[in-house]
Structure formats: structure tokens, C-alpha cells
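# Remarks on the overall topology
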Amino acid sequence: MKPRALTPSVLAVGAVDWDNRLFDSLIPLPDGTSYNSYLVRGSEATVLVDAVEPGMKDVLLGKLAEVPRLDHVVSLHAEQDHSGSLPDVLARYPGADLLCSVKAKDMLVDLLRISPERIRTVGDGEELSLGDRTMRFVATPWAHWPETMSAFLVEEGVLFSCDLFGSHLATGSLFAEEAEGVREAAKRYYAEIMMPFAKPLRRSLAKVRDLAPRIIAPSHGPVFGDPEWILSAYEDWISSPPRNRAVVAYVSMHGSTRLLVDRLVDGLAARGVGVHRFDLTATDLGKLAMALVDAGTLVFGTPTVLGGPHPHAMQAAYLANLLKPKAEHLAVVGSYGWKGRAAEKIGEALGGLHLTVLDPVLCRGLPAEEDLAAVDRLAARIDALHREKGFG
Ligand code: FEO
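If you're wondering where the values come from, they're calculated on a predicted model, not measured in any experiment. (Residues numbered from 1 in each chain as written. Predicted model: local features only at pLDDT ≥ 70, side-chain atom pairs only at ≥ 80, totals over all residues. Heavy atoms only, no water.)

The subject of this paragraph is the layout of surface pockets. Considered as a void within the structure, the largest pocket measures approximately 390 Å³ in volume. Only helix H6 (198-211) and helix H7 (228-239) provide two or more residues apiece to the lining of the largest pocket. For the lining of the largest pocket, the residue count by class is 10 nonpolar, four polar and four charged. For the lining of the largest pocket, the two domains that each supply at least three residues are domain 1 (4-239) and domain 2 (245-389). (1 Å grid on protein atoms, 1.4 Å probe; cavity = no way out; pocket = protein on both sides within 12 Å on 5 of 7 lines; lining within 4 Å. Points joined across faces, edges and corners; volume = space filled by probe spheres on them. Helix = DSSP H or I, 4+ residues; strand = E, 2+ residues; numbered from the N terminus. Nonpolar A, V, L, I, M, F, W, Y, C, P; charged D, E, K, R; others polar. Domains from an automatic or database assignment.)

As C-alpha cells, this is what we get:
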């Protein structure tokens, strides 16, 4: 794919990764991803914003083949999917300096062995003149690491937002408005990458609102030519109260836990509580993460295995604890052969969320009528809590 123009002075020169199916050796990528890089040409200086994943460096360098000179390279984020090709870019353009935030400098030196003499740090609000264009640096910490910043091309209203507002989506469309599946990909990305930092991101989001960008150009996925919907979506995901929804994530070995889950899902649905049900032996963890964005209650269904929860349930609980969703309640249902501490251990794994823990429903072997009645009471309790708290 050739470089494509975003605006009169901005070219997209990054790489689309159609085939990657796993990011960070963890995150499923059902639709691939992209590593965006932007060339900004002012009347007096040319700047490259971010490099790409090192495995894609030839794509970037190929797109820069007709660019004889770079005056500056901007590194918005030290993580290697943005910075990994910087050593090659700096080697090709020995006259360019590397601009980054103060916190990014040591990271770039340690992660990539870039010479500190090539690096110039920039502060929040600092401006770089490119002649007829001005690049303003905007501190956006925790989007996604503490050193992360954005850059704003003042005259054209383009915000280079780095990971913020990104999506793991390989597409031939430059703009989100022309690409399919962007909303789901953006929410999945938010859930997996940004949700743990929802609180510090509020400040960055307010800063972006104040800038009133005409275009938002993230480092993954398509560009937003009409940024309003992605800004509104982020405000909703970050700040709205939980919805009247429950995530029911379960694993069943011999069918008993599944019977409890079936009953609970029916009971919640009958009461109007939205249910996202996930069989943890088969589910895409990215879908689970997406459902966590809005849920008011988390329910784990797990048999007891060797005295504790099934490892799939523990993995999901551990992940949910890391992602810091805004859910307020936790329940555990499951069966056991003799006895164990499945419910306590799930609660401990989710300790960082400070959830209200509802009475678990645990049964020996196949659920009896009284166990199913206890599940019905649990469904009623979840519904009542959601109503009391006004989860819409
Ligand atoms: Fe796209 Fe935090 O890396």
C-alpha cells in the first residue's frame, strides 16, 4: 500500500499487519492490526511521527524511499510496536533528532539502545515549528504507559493520539468512516488496553476535547475524520455508570456447573438483566474484556479442582482484576466433589476491584432443587441491586 494523504501536509506511511493474530503474546487479534506512522511536511521541516513494529520496518522504510531528509522523528510512546523501527529510521536519517517526553527518554535508551545524544525531550504544551505548520506536544500519560504523549498539528487540527482511540483492525480504508467493524474493534481495544487506566485517562480526554481536533490519527487502526463518535464513546466507556448487564463466565467439567449457569442466565434474562455468557474453554478473551466494559455484575461459574477454582476461571478472574472494569458485584456458582475454596479464591483474585460479594451457590455434584432455588434467589438479588443503583 502506498503512502496516502490525510491532509495537505500529512501522509500515512505505516504498516498494515493483516496476518497477526496475537498481540503481546496475549491479546487475540481476530482482524489483524496496523502500526501507523505519519509523515508531516511543513515548509521548513519534515517530521516522522512514530515508527512501526520492528518486523514491519521494511514497509516503513520503503514508504520513506522518496523522502531525502527528516529533520525530526517524534516518538509518542516507547513500546516497541511504535518505536521498534526507530534505530533503523535514525540510521537512515543521521541528521534527525528524536523528540520524546522526559519519561520516554530513558525507556528508549534502555529498550532500544538509542544513543541519548540523539534524543531531545519535550514538555506538555511545547511547540515545534515546521515553518507553515506547528506541532504541539500534549502529555497524555497512561495512554498507555506513563511516558505516552500525543502531538497536535495546530493548523490542520490533526491529533496524533498514539494508542489512545486506537483499534486493532487491519483494513484497506484509511478513514474509520469507510471501514467496517470499527466500533467493535475500538471497544475491544479500549477494553484490552485502556480500561485499566480509565481514571487517569479522564484528564487526557478533557484535554483532547479542549483541542477540538478535526481529525484523530491513532497509532493502530483507521483514522477518525469525524472524531465526535469516538470521543463520545470513550466518555461513555470511561465515565458512565455500569449498565444493567451481567458477565457470566464459566467452565464446566461434567455439566453440573453448566446447569447452575443455565438457570442463572435464564433467571437474569427473565428479569430483564442483560447477560453476556462465556464458556471459558472456548471464548475469545477479547470478547470477555469488551463485555466487562459495561457490566454491573461479574459471575464466575467454576467447579472445584484440587481444592480451588478451575484454572480457566482463575485466569479469567486474574485478567478481569488487571483490566479494572467498573462492575460492582461478584457472585460465584459451581459444583464440587468433596469441598474446596473455589469462591474464596475467585474473590481473592478479584480483590483489586473491591466488589460487593454476593452469597455463592455451591453444590455437591448435580444441583438439587434447593440449589436451583438458590440460583433463582441470586438472579433476583442481582436484578434488585441493579435496580437500586439505577443501572440502565
Ligand atoms: Fe501500541 Fe502501547 O502499544
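Moving on, we come to the environment of Val-89. Considering the arrangement of structural elements, one finds Val-89 in helix H3 (residues 86-92). On the basis of relative accessibility, which here comes to 1%, the residue Val-89 falls in the buried class. Residues Val-89 and Leu-64 lie 25 residues apart in sequence; the distance between their C-alpha atoms is 9.3 Å. (Buried < 20%, exposed > 50% of the residue type's maximum accessible area, 1.4 Å probe, protein only.)

With that out of the way, let us pick up the packing of aromatic side chains. Across all of its chains, the model carries seven aromatic pairs by this definition. Judged by centre distance (4.8 Å) and plane angle (70°), the rings of Phe-165 and Tyr-234 are edge-to-face. Linking Phe-165 in the loop between strand E15 (158-162) and helix H5 (182-194) with Tyr-234 in helix H7, this pair joins segments that are 69 residues apart in sequence. In terms of burial, Phe-165 and Tyr-234 fall into one category: buried. Look at Phe-224 and Trp-229: their rings are 5.4 Å apart centre to centre, the planes differ by 80°, and that puts the pair in the edge-to-face class. Members of the aromatic cluster, joined through ring pairs, are Phe-165, Tyr-190, Tyr-234 and Trp-237. (Phe/Tyr/Trp six-rings, centres within 6.5 Å; stacked < 30°, edge-to-face > 60°.)

Before going further, it helps to examine the packing of H6 against H7. One can describe the packing of H6 onto H7 by two numbers: an axis separation of 10 Å at closest approach and a directional angle of 150°. The angle between the axes of H6 and H7 places the two elements in the roughly antiparallel class. Every pair of crossing elements has a handedness; the one defined by H6 and H7 is left-handed. Residues Ala-198, Leu-201, Arg-202, Leu-205, Val-208 and Arg-209 of H6 pack against Glu-228, Leu-231, Ser-232, Tyr-234, Glu-235, Ile-238 and Ser-239 of H7. In terms of residue class, the contact of H6 with H7 is built from seven nonpolar, two polar and four charged. (Axes fitted to C-alpha atoms, helices over the stretch in contact; angles between N-to-C directions. Parallel < 35°, antiparallel > 145°, perpendicular 65-115°, else oblique. Left-handed = near helix turned anticlockwise from the far one by under 90°. Contact = heavy atoms within 4.5 Å.)

The next thing to look at is the environment of Trp-237. As for its position among the elements, Trp-237 is in helix H7. Overall, Trp-237 belongs to the buried group, its relative accessible area being 5%. Sequence-distant contacts of Trp-237, defined by excluding residues within four places in its chain, comprise Ala-186, Lys-187, Tyr-190, Val-293, Asp-294 and Lys-326.

The next subject is helix H9 (residues 285-292). Of all eight residues that make up H9, seven are buried, and the element is covered over most of its length. Those residues of H9 that are buried are in contact with strand E5 (27-28), H5, strand E17 (245-250), strand E18 (274-279), strand E19 (297-301) and helix H10 (311-323). Structurally, the start of H9 carries an N-cap: the backbone nitrogen of Gly-286 is 2.6 Å from a side-chain oxygen of Asp-284. (Polar contact = N/O pair within 3.5 Å; in protein donor to acceptor, adjacent residues only side chain to side chain.)

The subject of this paragraph is unusual backbone geometry. Non-glycine residue Ala-212 carries a positive phi angle of around 50°. Looking at the element boundaries, Ala-212 is found in the loop between H6 and strand E16 (215-218). At Lys-324, a residue that is not glycine, the phi angle is positive and equals roughly 55°. For Lys-324, the position within the fold is in the loop between H10 and strand E22 (329-336).

So, about empty space enclosed by the protein. For the structure on display, the rule yields four cavities of 30 Å³ or more. Around the largest cavity sit 21 residues that line it, and Arg-4, Ala-12, Val-16, Asn-36 and Leu-174 are the ones nearest its centre. Taken together, the residues of the lining of the largest cavity sort by class into 11 nonpolar, seven polar and three charged. Volume-wise, the second largest cavity comes out at about 40 Å³. Around the second largest cavity sit Phe-23, Asp-24, Glu-79, Asp-81, His-82, His-144, Asp-163, His-168, Tyr-189, Ile-193 and His-220, which together line it. At the level of secondary structure, the elements contributing two or more residues to the lining of the second largest cavity comprise helix H2 (80-83) and H5. Tallied by class, residues from the lining of the second largest cavity come to three nonpolar, four polar and four charged.

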